[in-house]
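Understanding the architecture of this molecule
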Amino acid sequence: MASDLVPRGARDQSMSSASGERAILSRDGLQALIETLARRGYRVVGPTLRDQAIVFDDIQGVGDLPAGWTDVQDGGAYRIQRRADDALFGYAVGPHSWKKFLHPSRLRLWRAERNGDDVVVHRDPEPTTPFAFIGARSCDLRAIGIQDRVFLGGPHVDPHYQARRQSAFIVATNCGEAGGTCFCVSMGTGPRAGSGFDIALTELLDERGHVFLADVGTERGGEVLTEIPHDAAGHDHVAAADNLIARTAANMGRLMRTDDIHSLLLGNLEHPRWDDVAGRCLTCGNCTMVCPTCFCTSVEDTSDLDGGAERSRRWDSCFTEDFSYLHGGSVRQSARSRYRQWMTHKLATWIDQFGSSGCVGCGRCITWCPVGIDITEEVRAIREQPAASEATT
Ligand code: SF4
Ligand code: SF4
């Protein structure tokens with residue numbers, strides 16, 4: 001994460017003498033880490049098993065983590081499956097991303113009520129309990145970095161995001177296995193957590209035992225580490241972690257060539273593949289809901305029969321017809337134009353707008369698309385048969 005995008009609360013901790021320190025935690029040490037964060041006043045959130053999926057929720061300890069479970073993912077398909085071991089982070093990513101907490105799907109902006117002839121407006125206070133995220137993947141860290149740029153990077157800072165983000169403590173986990181729809185290597189976003197965390201864990205599980213190599217990323221992370229039992233990391237631990245992450249990188253579920261993607265997509269706006277994908281796309285918006293970088297919202301006003309009213313902000317999707325409604329009609333009336341808008345924004349015009357791709361290669365949009373539309377496959381199809389007559393934009 002570029003230094004100008006680090007939220008104010010984290011900025012002082014981003015360059016620290018403790019950064020680079022390494023230690024070994026046992027399973028009890030991980031429990032102590034969770035308890036220490038809770039004692040320090042954080043709301044600790046992490047992966048847990050619910051409704052046949054690995055989702056994020058409040059956790060009290062290691063017992064809430066999805067021990068011994070993994071996920072099997074493909075286009076339009078997700079299921080959990082028992083592992084042969086008791087790994088706590090032995091899965092890829094689930095339907096939730098951390099934006100669920102930093103950029104809630106529904107947020108009341110204000111409510112108003114009648115008081116005699118007056119109208120009194122109340123604003124809900126922002127939450128004051130900071131989050132501690134346990135188990136953020138490298139792609140998730142990059143997605144948070146992208147949303148930092150969107151919500152905090154310009155002249156108009158989003159106060160709701162800022163309030164939730166600025167003191168968040170992040171415990172990352174390096175990936176020991178790639179999911180079936182992961183392509184972070186193609187996007188340069190994983191599988192090793194490079195920055196944007198306070199502590200990064202690599203889960204090491206073999207015949208010698210079950211431990212976590214902890215990399216300290218910030219001074220705050222180093223302070224927390226001093227409060228929990230740990231041992232010095234040995235060369236064998238570091239080598240084992242490096243091997244594990246390298247093996248993950250070599251086993252991505254998907255690949256996508258990106259070097260020419262901006263000109264490829266914008267030079268093929270009339271490609272017949274957009275008609276092909278429109279024939280499959282349900283315009284349900286699932287892909288935008290699960291995407292950790294999608295940030296669009298709408299504002300809704302509601303009123304009640306007692307004279308009260310409230311205004312809420314909720315996630316919206318460029319796949320809805322209303323999303324591009326402008327005085328008299330929707331600009332993007334067809335599934336073709338909406339899918340094309342989403343994909344060209346995500347992979348091309350996002351670069352013009354924010355200086356990076358809007359995709360971190362997490363694969364969620366592929367897995368959770370009910371008809372299995374695969375962004376990597378759509379790019380490949382366009383590349384394999386580019387429309388010859390279009391000028392590169
Ligand atoms: S691409 Fe898939 S998830 Fe996205 S709107 Fe179309 S059908 Fe829904
Ligand atoms: S576009 Fe798809 S793969 Fe890329 S970040 Fe969003 S959900 Fe993940």
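Residues numbered from 1 in each chain as written. Chains lettered and ligands numbered in written order. Predicted model: local features only at pLDDT ≥ 70, side-chain atom pairs only at ≥ 80, totals over all residues. Heavy atoms only, no water.

1. What to know about the pattern of salt bridges
Cut-off, in case you're wondering: A side-chain nitrogen of Lys or Arg and a carboxyl oxygen of Asp or Glu constitute a salt bridge if their distance falls within 4 Å. Secondary structure elements follow DSSP: runs of H or I of four or more residues count as helices, runs of E of two or more count as strands, with numbering from the N terminus. Partly exposed describes any residue whose relative accessible area lies between the buried limit of under 20% and the exposed limit of over 50%, with all areas from a 1.4 Å probe on protein chains only and scaled to the type maximum.
Per the stated rule, a full pass over the model turns up 37 salt bridges. Glu-177 serves as the salt-bridge partner of Arg-83, at 3.0 Å between the closest nitrogen and oxygen. Here Arg-83, found in the loop between strand S5 (77–82) and helix H3 (99–102), pairs with Glu-177, found in the loop between strand S9 (169–173) and helix H6 (184–187); they are 94 residues apart in sequence, far enough to count as distant. Since its relative accessible area comes to 37%, Glu-177 is described here as partly exposed.

2. Remarks on the site of ligand 2
Note the cut-off: Being near a molecule or strand, for a residue, means having at least one of its heavy atoms within 4 Å of it. Residues were grouped as follows: Ala, Val, Leu, Ile, Met, Phe, Trp, Tyr, Cys and Pro as nonpolar; Asp, Glu, Lys and Arg as charged; and all remaining residues, including Gly, as polar.
Close contacts around ligand 2 come from Phe-183, Cys-291, Pro-292, Trp-342, Lys-346, Cys-359, Val-360, Gly-361, Cys-362, Gly-363, Arg-364 and Cys-365, and that covers them all. Listed by contribution, the elements that provide at least two residues to the shell around ligand 2 are helix H12 (335–354) and helix H13 (364–367). Among the residues forming the shell around ligand 2, the class breakdown is eight nonpolar, two polar and two charged.

3. Thoughts on H12
Defined as follows: Values of bend correspond, residue by residue, to the angle between axes fitted over the seven residues ending at that residue and the seven starting there.
At His-345, H12 is deflected by roughly 55°, the largest bend along its length. Most of H12 is tucked away, with 15 of its 20 residues classed as buried. Trailing H12 by a residue or two, Gly-355 shows a phi angle of about 85°, which is positive.

4. Description of the domain arrangement of the chain
Note the following rule: For the purposes of this description, domain bounds are those given by an automatic or database domain assignment. Throughout, a contact is declared for two residues whenever any of their heavy atoms are within 4.5 Å. Here a polar contact is taken to be a pair of N or O atoms separated by no more than 3.5 Å, where protein atoms must pair a possible hydrogen donor with a possible acceptor and residues adjacent in sequence count only if both atoms sit in side chains.
Here the domain parsing of the chain yields domain 1 (8–250) and domain 2 (261–384). Taking the mean C-alpha position of each, domain 1 and domain 2 sit 26 Å from one another. Contact residues are listed per partner, giving 42 residues for domain 1 and 39 residues for domain 2. For the pair domain 1 and domain 2, the number of links is four salt bridges. In this structure, Glu-300 engages Arg-106 in a salt bridge whose closest nitrogen and oxygen atoms are separated by 2.7 Å. Summed over the shared surface of domain 1 and domain 2, the number is 29 residue pairs in polar contact (both at pLDDT 80 or more).

5. Here we look at the confidence of the model for the chain
Spelled out, the test is: The pLDDT value expresses, per residue, how confident the predictor is, ranging between 0 and 100.
Of all residues in the chain, 94% attain a pLDDT of 70 or more, and the chain-wide mean is 93. Low pLDDT (under 50) marks residues 1–17, which in the prediction has 29 contacts with non-local residues, meaning those over four places away or in another chain.

6. Side note on the site of ligand 1
The full set close to ligand 1 counts 13 residues, and Cys-281, Leu-282, Cys-284, Cys-287 and Cys-369 are the nearest of them. Each residue belonging to the shell around ligand 1 can be placed in one class, and the counts come to ten nonpolar, three polar and no charged.

7. Digging into the environment of Trp-69
Take Trp-69: it is sitting in strand S4 (residues 69–74). Distance from Trp-69 to Ser-195, taken between C-alpha atoms, is 27 Å for residues 126 residues apart in sequence. Dropping the residues within four chain positions of it, Trp-69 is found in contact with Leu-49, Ile-54, Ile-80, Gln-81, Arg-82, Arg-83, Ala-87, Gly-90 and Tyr-91.

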